[in-house]
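An overview of the molecular structure
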Amino acid sequence: MASARLGSLRARAAAAAALAMAAVLATGGLWLYTVLRANLIENTTGRTELAARKVAAQLDTATLPAGGRLPAPEGGVDLVLVRDAAGATVATSGDLEDTPELAGPGIAPGDDSRSAVLEPARPGAQRRVVVAVQAPGPPGAHAPHTVYAMTVLGDVDDANRAVALGLLAGAPPLIAFSALLAWWVTGHALRPVTAIRTELAAVTASELDRRVPDPGGADEIARLARTVNATLDRLERSDARQRQFTADASHELRNPLAAVRSRLEVALRDPDRESVAAALADTERLQRIAADLLLLARLDGGPAPRTEPVDLALLAAEDVARRPEPRVALRLDARAPVPAAGDPARLERALANLVDNALRYARTEVTVRAGADGGGWAVLEVADDGPGIPEADRDRVFERFVRLDADRGRTSGGTGLGLAIAREIARAHGGDVRALPAPAGRAGARLVLRVPGSGPGRGPGRGPGRGPEGGPAGGPDTDPETGPGGGPPPARP
């Protein structure tokens, strides 16, 4: 627990804040100490030079006091003395017989003054700043004199030491305060995250209706909570669809299985060809339902369909050609190639489901159209003159196992999955399938499949649905993902 707490985000934030504060204090403290030290020495040197120049002015005007005794300098300067060219002291503000040794700075040619900081001459002594100013000697002197002024830097060193100790003493509390502040702020900011994590951990398969608390606002944590809740909404809807799908599939399979069993029992008691044929028909219906369920499972959780050039006009022509004797007239309206990009076998299956559905309920004619809508979409439209689809059911008809007339759907042999498969295939290609009303004044319905076009300059490539030997793919025993033989689509009114 302790190691986990030390490795938490709060601990890392607190450590980062402490390190940042330490770096700021170290950099700022060093800069402050250096600037303060330089300013204090500069100010002291200026006061010392001013005292030396005052004495140099007196020497120039021959107004030095008699006896070589100079008045005490002002501004905190400790000593002023005058030496001749031979280095002998001729005047001083201190004791002539106790003149300190000033191995002071030499004045360079062309300059009239120079300053230097002298280190302690012996242990226990203090540093000194010395300023040397060149001045003409008194009347009768043949060489210039030098005025020295000296100030002990005891006060300056004490001030620097006090600042350094203050910085060193104040740094640890400031570092600790910044770490504690970061710990508290991070904990306060992450409190909603803890609530989100706790509530999310309580979500189970039987409690998908639970939602994480939304702290409100527009910050990142609030957006995270809303995203998590949106994900849980989708998960709940998906689970509900899966449960409904399982229930519908069980219901759809129960009746054929019961029919097969009853027919086989009859055949066992009184063998006859009709009972076996009826059982075989029910078995084929079970096979179609299983194939459609397998295809839907692949569409739901499988990889994206492969993409290659396909001509929807050619695809429509091949589908019409595979139906030599339809129940009603089947007309093709495809005046030019319609290039698109997608999986030819799956698009062929989607079109076959739409055409099968239209043929089942058309009165006299079904029309298959292929074209482009001018917005970059390739369009397949299947229109019939049947009873049509009520406006309220035009979206529901694409749901799985939905029949607007269940009895007619089962007697016609549909599995209730054909239109759902067509829509899933279209959506896997980035398109969709919609049910639209017939043109004004006409009966029937239109099922319109739209997928992205392949763009100008791309040919259709090989014909869709072609097998390796050039013949049409599909057939009664074709796999549900590679041809239309997996069963007809669901019924509509």
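Residues numbered from 1 in each chain as written. Predicted model: local features only at pLDDT ≥ 70, side-chain atom pairs only at ≥ 80, totals over all residues. Heavy atoms only, no water.

**Thoughts on helix α7 (residues 344-361)**
Owing to its 3.6 residues per turn, the α-helix brings residues three or four apart onto one side. The condition that has to hold: Secondary structure counts use DSSP, requiring at least four H or I residues in a row for a helix and at least two E residues in a row for a strand, with both numbered from the N terminus. One less than the residue count of a helix, multiplied by 1.5 Å, gives the span that helix is expected to have. Burial classes: relative accessible area under 20% of the type maximum marks a residue as buried, over 50% as exposed, and values in between as partly exposed (1.4 Å probe, protein chains only). N or O atoms within 3.5 Å of each other form a polar contact, as long as, within protein, one can give a hydrogen and the other can take it, and as long as residues adjacent in sequence are counted only when both atoms are side-chain atoms.
Given a rise of 1.5 Å per residue, 18 residues ought to cover 26 Å, and the 26 Å separating the end C-alpha atoms of α7 matches this to within 8%. Of all the 18 residues making up α7, 18 are buried; the element is thus mostly covered by neighbouring parts of the structure. N-capping of α7 is provided by Asp343, with a side-chain oxygen placed 3.1 Å from the backbone N of Ala345.

**Remarks on a nonpolar patch on the surface**
What counts, and what does not: Every patch collects residues that have over 30% relative accessible area and no salt bridge, joining them within 9 Å if they carry like charges and within 5 Å if they are nonpolar side chains (Val, Leu, Ile, Met, Phe, Trp, Tyr). The Shrake-Rupley method, run with a 1.4 Å probe sphere, supplies the accessible areas, and residue values consider only the shown protein chains as cover. One speaks of a salt bridge when a side-chain nitrogen belonging to Lys or Arg is within 4 Å of a carboxyl oxygen belonging to Asp or Glu.
Residues Trp31, Leu32, Val35 and Leu167 make up a contiguous nonpolar surface patch of roughly 360 Å² in combined accessible area. Broken down by element, the residue count for the nonpolar patch peaks at 3 residues, all from helix α2 (residues 9-60). With respect to the element layout, Val35 can be found in helix α2. For Val35, a relative accessible area of 30% puts it in the partly exposed group.

**Some details on the packing of helix α6 (residues 312-321) against α7**
Selection rule: Angular values range over 0 to 180 degrees, each being the angle between N-to-C directions of two axes fitted as lines to C-alpha atoms, with helices fitted over their stretch in contact. Roughly parallel refers to an angle under 35 degrees, roughly antiparallel to one over 145, roughly perpendicular to one between 65 and 115, and oblique to any angle outside these ranges. Whether a crossing is left-handed or right-handed is set by the direction in which the near helix is turned from the far one by less than a right angle, anticlockwise for left-handed and clockwise for right-handed. It only takes one pair of heavy atoms within 4.5 Å for two residues to be counted as in contact.
Two numbers describe how α6 lies on α7: the axes approach to 10 Å, and their chain directions differ by 55°. With respect to α7, the axis of α6 lies oblique. The chirality of how α6 crosses α7 is right-handed. On the side of α6, the interface is formed by Leu312, Leu315, Ala316 and Asp319, while α7 contributes Pro344, Leu347, Glu348, Leu351, Ala352 and Val355.

**What about the sheet that holds strand β12 (residues 445-452)?**
Heads up, the condition is: Pairing between strands requires that DSSP locate at least two bridges from one strand to the other.
Pairing within the open sheet is mixed, and its 5 strands lie in the order β7-β9-β10-β12-β11. Looking at strand neighbours, the two that pair on one side only are β7 (329-333) and β11 (432-437), the edges of this open sheet. Within the sheet, the average angular offset between the axes of one strand and its neighbour, ignoring direction, is 15°. Those strands touched by α6 are β7, β9 (365-372), β10 (377-384) and β12, and its axis lies near 30° from that of β10.

**Notes on the pairing of β12**
Bridge count for β10 against β12 is 8 bridges, and the pairing is antiparallel. Of the residues in β12, the one forming a bridge with Asp384 is Ala445. The pairing of β11 with β12 spans 6 bridges and is classified as antiparallel. Paired with Leu436 across the two strands is Arg446, which belongs to β12.

**Description of the side chain of Thr151**
Mapped onto the elements, Thr151 comes out in strand β5 (residues 145-152). Overall, the relative accessible area of 3% leaves Thr151 in the buried class. Engagement of the side chain of Thr151 in a polar contact is seen with the side chain of Thr48, the distance being 2.6 Å. In this structure Thr151 touches Thr44, Thr48, Gly76, Val77, Asp78, Arg127, Arg128 and Val129, once residues within four positions along its chain are discounted.

**Here we look at the side chain of Glu381**
Tracing the chain through its elements places Glu381 in strand β10. Engagement of the side chain of Glu381 in a polar contact is seen with the side chain of Arg446, the distance being 3.4 Å. Setting aside residues no more than four positions away along its own chain, Glu381 makes contact with Thr367, Val368, Arg369, Arg446, Leu447 and Val448.

**Comments concerning α2**
Over its 52 residues, α2 runs 75 Å from end to end, which matches the ideal 76 Å to within 8%, given 1.5 Å per residue. Just past α2, the residue Ala62 takes up positive phi, approximately 55°.

**Considerations on the pairing of strand β2 (residues 89-92)**
As judged from the 3 bridges shared by strand β1 (residues 79-83) and β2, these two strands associate in the antiparallel manner. Bridge pairing links Val82 to Ala91 in β2. Here β1 folds back onto β2, and the loop between the two strands holds 5 residues, one of which, Gly87, carries a positive phi near 90°.

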